[in-house]
Amino acid sequence: MKYLLAIIILITTMADKTIFDFDRDTDPGKWEVEDDVVMGGRSSGHFSISEEGHGVFEGHVSLDNNGGFSSVRYKTDKIDVSDSEYIVVRLKGDGKKYQLRVKHELNDRPYYVSTFDTSGEWEEVKVRMADMYPSFHGEKLDIPDFNHDAIEEVTFLIGNKKEQDFKLLIDKITLE
């Protein structure tokens, strides 16, 4: 009985640390693509769910009309991160560099950003939240790095100052 209780507590604790876990039944409409077209650019990103049940963020980044980025974001109710140090993403990239961005509150202007490389293989990207720097419209801000107790938005962005196709598979986003 003692072991069963410990397992139930462990499973409950782990479930509370999940930000998003993709599967075949995931509604892709929970994720919103925003490209540089909002500023006149010509990039085109798309988000879907694969046959295997992974989030698929793919498309083309164009530099035409001063463009250069594509992003996909998930807006959520407030997620308590006060007892977590890291955001961990299980993903498979295409060997390109991406950004993980979070917002403390949806109405905040700055995102808190961390850049990561992908290997082309399934991997876990572990981002220390306290190291995420504030940014607005691509410019680093002169305010403290992430030091909040909650987040309400998670975004993946590609914008490497070059024209390129991209594809990022996302399996799960958790806190640690």
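Throughout this description, residue numbers start from 1 for each chain and increase along the sequence as written. Where local features are concerned, this predicted model is filtered to residues with pLDDT of at least 70; where side-chain atom pairs are given and counted, the filter is 80 or more; whole-chain, interface and lining totals use all residues. Side-chain metrics rest on all non-hydrogen atoms present in the structure, leaving aside hydrogens and water.

Focus on the overall build of the protein chain
Along its length, the protein chain carries one helix and 13 strands. A helix here means a DSSP run of H or I that spans at least four residues, while a strand means a run of E at least two residues long, and both kinds are numbered starting from the N terminus. Helices and strands appear in the protein chain in the N-to-C order α-β-β-β-β-β-β-β-β-β-β-β-β-β. The C-alpha atoms of the protein chain give 17 Å as radius of gyration, which agrees with the globular expectation for 176 residues (16 Å, within 12%). Its C-alpha atoms give the protein chain principal-axis dimensions of roughly 65 × 40 × 25 Å. By residue count, 44% of the 176 residues in the protein chain fall in the buried class. Sequence-distant contacts, at least 24 apart, represent 71% of the contacts inside the protein chain between residues at least 6 apart. Under the counting rule used here, the positive set is Lys and Arg, the negative set is Asp and Glu, and His together with the chain ends is not counted. Charge placement uses NZ in Lys and CZ in Arg. For Asp and Glu, CG and CD serve respectively. Each charge sign in the protein chain was given a centre, from 22 positive and 35 negative side chains, and these centres are 2 Å apart. For a compact globule the rule gives 2.2 Å times the number of residues to the power 0.38, and the radius of gyration it is set against comes from C-alpha atoms. For each residue, the accessible area found with a 1.4 Å probe, counting protein chains only, is set against the maximum for its type, and the residue is called buried under 20%, exposed over 50%, and partly exposed in between. Pairs of residues are marked as contacts when any of their non-hydrogen atoms sit within 4.5 Å.

Describing the confidence of the model for the protein chain
Summing up the model confidence of the protein chain, the mean pLDDT is 92 and the portion of residues at 70 or higher is 91%. Long-range and interchain partners of residues 4–15, a stretch whose pLDDT sits below 50, account for zero contacts in this model, where long-range means more than four residues apart. Within a predicted model, pLDDT stands for the predictor's per-residue confidence, ranging from 0 to 100.

What about the packing of aromatic side chains?
When we look at a pair of aromatic rings, we describe it by the centre distance and by the angle of the planes. Pairs were defined over the aromatic rings of Phe, Tyr and Trp, the Trp ring being its six-membered one, requiring ring centres within 6.5 Å. Orientation was assigned from the angle between planes: stacked under 30 degrees, edge-to-face over 60, tilted for the rest. Inspection of every chain in the model, using the stated rule, returns eleven aromatic pairs. Aromatic side chains Y98 and F116 sit 6.2 Å apart centroid to centroid with 25° between the ring planes, which places their arrangement in the stacked category. Here Y98 is found in strand 7 (residues 97–103), whereas its partner F116 is found in strand 8 (residues 111–117), with 18 residues between them in sequence. The two residues Y98 and F116 agree in class, both being buried. An aromatic cluster is defined as three or more aromatic residues linked by ring pairs; in this entry it consists of F20, F22, W31, F47, Y74 and F156. Our definition puts a charge over a ring when NZ of Lys or CZ of Arg is within 6 Å of the ring centre and also within 35 degrees of the ring normal. Taking the ring centre of Y111 as reference, the NZ or CZ of R101 above it sits at 5.2 Å. Taking the ring centre of Y133 as reference, the NZ or CZ of K140 above it sits at 5.2 Å.

Notes on the pattern of salt bridges
The salt bridge criterion pairs a side-chain nitrogen of Lys or Arg with a carboxyl oxygen of Asp or Glu, the two atoms within 4 Å. Per the stated rule, a full pass over the model turns up 13 salt bridges. With a closest N to O distance of 3.6 Å, K17 and D83 form a salt bridge. One end of the pair, K17, is in the loop between helix 1 (2–16) and strand 1 (18–21); the other, D83, is in the loop between strand 5 (70–80) and strand 6 (86–92), with 66 residues separating them in the sequence. Under the relative-accessibility criterion, D83 is labelled exposed at 57%. The partner of R73 in a salt bridge is E34, and the shortest N-O contact between them spans 3.6 Å. Here the residue R73 occupies a position in strand 5, and E34 occupies one in strand 2 (residues 31–35), the gap between them amounting to 39 residues. Take E34: its relative accessible area is 25%, and that puts it in the partly exposed class. Within the structure, one salt-bridge network assembled from shared partners comprises E32, E34, R73 and K75.

Let's talk about the pairing of strand 3 (residues 44–49)
On strand 3, burial follows the alternation: G45, F47 and I49 on one face are buried, whereas S44, H46 and S48 on the facing-out side are not. Strand pairing is defined by DSSP finding a minimum of two bridges between the two strands. Bridging between strand 3 and strand 4 (residues 55–61) involves six bridges; their strand directions are antiparallel. Looking at strand 4, one finds that F47 is bridged to F57. In this structure, the hairpin formed by strand 3 and strand 4 is closed by a connection of five residues, where G53 is found at a positive phi of approximately 90°.

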